[in-house]
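Structure at a glance
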Amino acid sequence: MTNIIIVIVLLIMVTFGMRETIKHFKGEGACCGGSSSKPKKKKLKNKVICTYYFRIDGMHCQNCANAVSGAINDVDGAVAKVDLNKKMVKVSCDREIDAHVIEEAISKRGYEAILMK
C-alpha cells in the first residue's frame, strides 16, 4: 500500500513538473523572477521620426520580453515592439533619442542590446 501511495505522489509531481517545463519553453512561464503579466501598452504622442532595431541577448521567455519592453517604454518618446522568437526589438521614437540611451535602459534590466545596422 505504501508503494502505491509513493508512486501516485511521484506521478503527480512529474505531471506538474512537465506542465511547467512545457510552459517555460513556450515562453509562458515566469522563470525570471516575475510574473508573466503583460506590460502596459504605450503609444507615441507624435509621429515616428526614428526607428532602431536591437538584438537582445539573454531574453528567452515572455517575462524577459516584458522586462525589455518595460525598460524601453520607460524612456520618454520611445515605444517597443518585442519579437521574442527572433530575440529582437523594434524601437520607434517620436523625437531624437540616441541609441545608447535605449541600450543603457535595456542593460539596467540585465540584458545586452546590440544595435542592428
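Please refer to the structure higher up on the page.
Conventions adopted
Per-chain numbering applies: the sequence of each chain, read as written, is numbered from 1 onward. The model is predicted, so local features are restricted to residues of pLDDT at least 70 and side-chain atom pairs to those at 80 or more, both for listing and for counting; the totals for chains, interfaces and linings are taken over all residues. Heavy atoms from the whole structure form the basis of all side-chain values; hydrogens and water molecules are not counted. Geometry is summarised by axes, namely lines fitted to C-alpha atoms with helices restricted to the contacting stretch, and by angles between N-to-C directions that run from 0 to 180 degrees. The secondary structure listing takes helices from DSSP runs of H or I that are at least 4 residues long and strands from runs of E that are at least 2 residues long, numbered from the N terminus. An angle below 35 degrees is treated as roughly parallel, one above 145 as roughly antiparallel, one from 65 to 115 as roughly perpendicular, and anything else as oblique. For any pair of crossing helices, the crossing counts as left-handed if the nearer helix is rotated counterclockwise from the farther one by less than a right angle, and right-handed if it is rotated clockwise. Any two residues whose heavy atoms approach within 4.5 Å at even a single point are treated as in contact. For this classification, the nonpolar set comprises Ala, Val, Leu, Ile, Met, Phe, Trp, Tyr, Cys and Pro, the charged set comprises Asp, Glu, Lys and Arg, and every other residue, Gly included, is treated as polar. Patches were defined on residues exceeding 30% relative accessible area and lacking a salt bridge, with like-charge contacts within 9 Å and nonpolar side-chain contacts (Val, Leu, Ile, Met, Phe, Trp, Tyr) within 5 Å. Each accessible area is a Shrake-Rupley estimate made with a 1.4 Å probe; only the visible protein chains count as cover when residues are assessed. We count a salt bridge whenever a side-chain nitrogen from Lys or Arg sits within 4 Å of a carboxyl oxygen from Asp or Glu. The buried label applies to any residue whose accessible area, calculated with a 1.4 Å probe on protein chains only, is under 20% of its type's maximum; exposed applies above 50%, and partly exposed to all values in between. It is the directions from the helix axis to the C-beta atoms whose arc is reported. Pairing of N or O atoms within 3.5 Å defines a polar contact, subject to two protein rules: one partner must be a possible hydrogen donor and the other a possible acceptor, and residues neighboring in sequence count only if both atoms are side-chain atoms. Between 30 and 60 degrees the pair is tilted, below 30 it is stacked and above 60 it is edge-to-face, where a pair is any two Phe, Tyr or Trp rings, Trp via its six-membered ring, whose centres lie within 6.5 Å. Strand pairing is assigned whenever DSSP identifies at least 2 bridges connecting the two strands.

Two packed helices can be described by the angle between their axes and the distance between those axes. Here helix α2 (residues 62-73) crosses helix α3 (residues 99-108) at 135 degrees, and the two axes come no closer than 8 Å. In terms of their interaxial angle, α2 and α3 are classed as oblique. The element α2 and its partner α3 pack so that their crossing is right-handed. Contact residues: α2 offers V68, A71 and I72, while α3 offers I102, A105 and I106. Each residue belonging to the contact of α2 with α3 can be placed in one class, and the counts come to six nonpolar, no polar and no charged.

Moving on, we come to a nonpolar patch on the surface. Among the surface-exposed residues, M1, I4, I5, I6, I8, V9, L10, I12, M13 and F16 lie close enough to one another that they form a single nonpolar patch of about 1000 Å² accessible area. Here I4 lies in helix α1 (residues 2-25).

Moving on, we get to α3. Within α3 the residues assigned to the buried category are A99, I102, A105 and I106. All buried residues of α3 project into a common sector of 125 degrees when viewed along the axis, lining one side. Across α3 from its buried face, at more than 90 degrees, point the exposed residues H100 and K108. Contacts made by the buried residues of α3 are with β1 (50-57), α2, β2 (78-83), β3 (88-93) and β4 (112-115). Its side-chain oxygen at 2.8 Å from the backbone nitrogen of H100, D98 defines the N-terminal cap of α3. Looking one or two residues past α3, G110 carries a phi angle of roughly 95 degrees, positive in sign.

Another aspect to go through is the packing of aromatic side chains. The geometry of an aromatic ring pair is captured by the separation of the ring centres together with the interplanar angle, meaning the angle of the planes. For the structure shown, the criterion picks out one aromatic pair. Relative to F54, the ring of Y52 has its centre 6.2 Å away and its plane inclined at 45 degrees; by these criteria the two rings are tilted. With respect to class, Y52 is no different from F54; both count as buried.

Turning to the sheet that holds β4, a few remarks are in order. The strand order across the open sheet built from four strands is β2-β3-β1-β4, with neighbouring strands paired in antiparallel fashion. At either margin of the open sheet sits one strand with a lone partner, and together these are β2 and β4. Going across the sheet, the axis of each strand differs from the next one's by a mean of 30 degrees, ignoring polarity. In the sheet, β1 pairs with β4 via four bridges, with the strands oriented antiparallel. Opposite R55, over in β4, you have I114 as the bridge partner. Relative to the sheet, α2 contacts β1, β2 and β3, its axis offset from that of β2 by approximately 165 degrees. Most of the contacts of α3 go to β1, to which it runs at about 35 degrees, and overall it touches β1, β2, β3 and β4.

Treat this as a map of the structure, not an account of what it does.
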